[in-house]
Amino acid sequence: MIFITEIPVQQPFISAKTDNVCILCRKDNGTYTNYCVVKSSGNMLQYDDCRSLLADDISEVSIKHPNGFEMSIYIQNGSYSIGIIDEENGIIYYYDNKNDQEGAVELHGKTFPYHMISKCKNAVCAMIEDFIQTGMPSKATNWMMEEF
């Protein structure tokens, strides 16, 4: 089982090298909550813990995995945009819903094409759980890759 424990934070963290998964949640009011994922006797993230990361007052979630990958989730009004950066290899993975709908969605001042938006909190939780477990983009999800 994996437990997410809250660590009080005054400002956005600068992550030190650690063997733990670090999570930073930015709330709508501009404050931050920092979490650390602690592995215990199994390897499952508690479902309620994951859903709490996507609470109604959260606007952005950043998850730093010790393998160097980082997941970012932008949230507003039940819409989620998910990206994963592999800085070592210079690749960004963007969630792709495979919907060819034209247009864009704005999430807290950032603009994303419709095909990069999920409306399903459960699917986003599954992506988070998989990322915390593996440190990689979920194989059960469609991703677009871009080099930087």
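Residues numbered from 1 in each chain as written. Predicted model: local features only at pLDDT ≥ 70, side-chain atom pairs only at ≥ 80, totals over all residues. Heavy atoms only, no water.

1. Examining the overall build of the protein
Regarding its fold elements, the protein presents 2 helices and 10 strands. Listed N to C, the secondary structure of the protein is β-β-β-α-β-β-β-β-β-β-α-β in terms of helices and strands. Buried residues in the protein amount to 43% of all 148 residues. A fraction of 64% describes how many contacts in the protein between residues 6 or more apart in sequence connect residues 24 or more apart. Carbon and sulfur atoms form 48% of the exposed surface of the protein, whose accessible area is close to 8300 Å². (Helix = DSSP H or I, 4+ residues; strand = E, 2+ residues; numbered from the N terminus. Buried < 20%, exposed > 50% of the residue type's maximum accessible area, 1.4 Å probe, protein only. Contact = heavy atoms within 4.5 Å. Areas by Shrake-Rupley, 256 points an atom, 1.4 Å probe, with all protein chains shown as cover.)

2. Comments concerning the confidence of the model for the protein
Of the residues in the protein, 80% have a pLDDT of 70 or more, and the chain-wide mean is 85. Considering only residues more than four positions removed or in separate chains, one finds that residues 10-15, a stretch of pLDDT under 50, has 9 contacts. (pLDDT = per-residue confidence, 0-100.)

3. Here's the deal with the pattern of salt bridges
Taken as a whole and judged by the stated rule, the model has 3 salt bridges. Glu60 is paired through a salt bridge with Arg26; the nearest N and O atoms lie 3.1 Å apart. Of this pair, Glu60 sits in strand E4 (residues 58-64) while Arg26 is found in strand E2 (residues 21-27), placing the two residues 34 residues apart along the sequence. Relative accessible area serves as the criterion here: at 16%, Glu60 is assigned to the buried category. With a shortest N-O distance of 3.7 Å, Lys98 and Asp96 are connected by a salt bridge. Taking relative accessible area as the criterion, Lys98 reaches 54% and is therefore assigned exposed. (Salt bridge = Lys/Arg side-chain N within 4 Å of Asp/Glu carboxyl O.)

4. Considering the environment of Gly68
Relative to the helices and strands, Gly68 is located in the loop between E4 and strand E5 (69-76). Assessed through its relative accessible area of 46%, Gly68 is described here as partly exposed.

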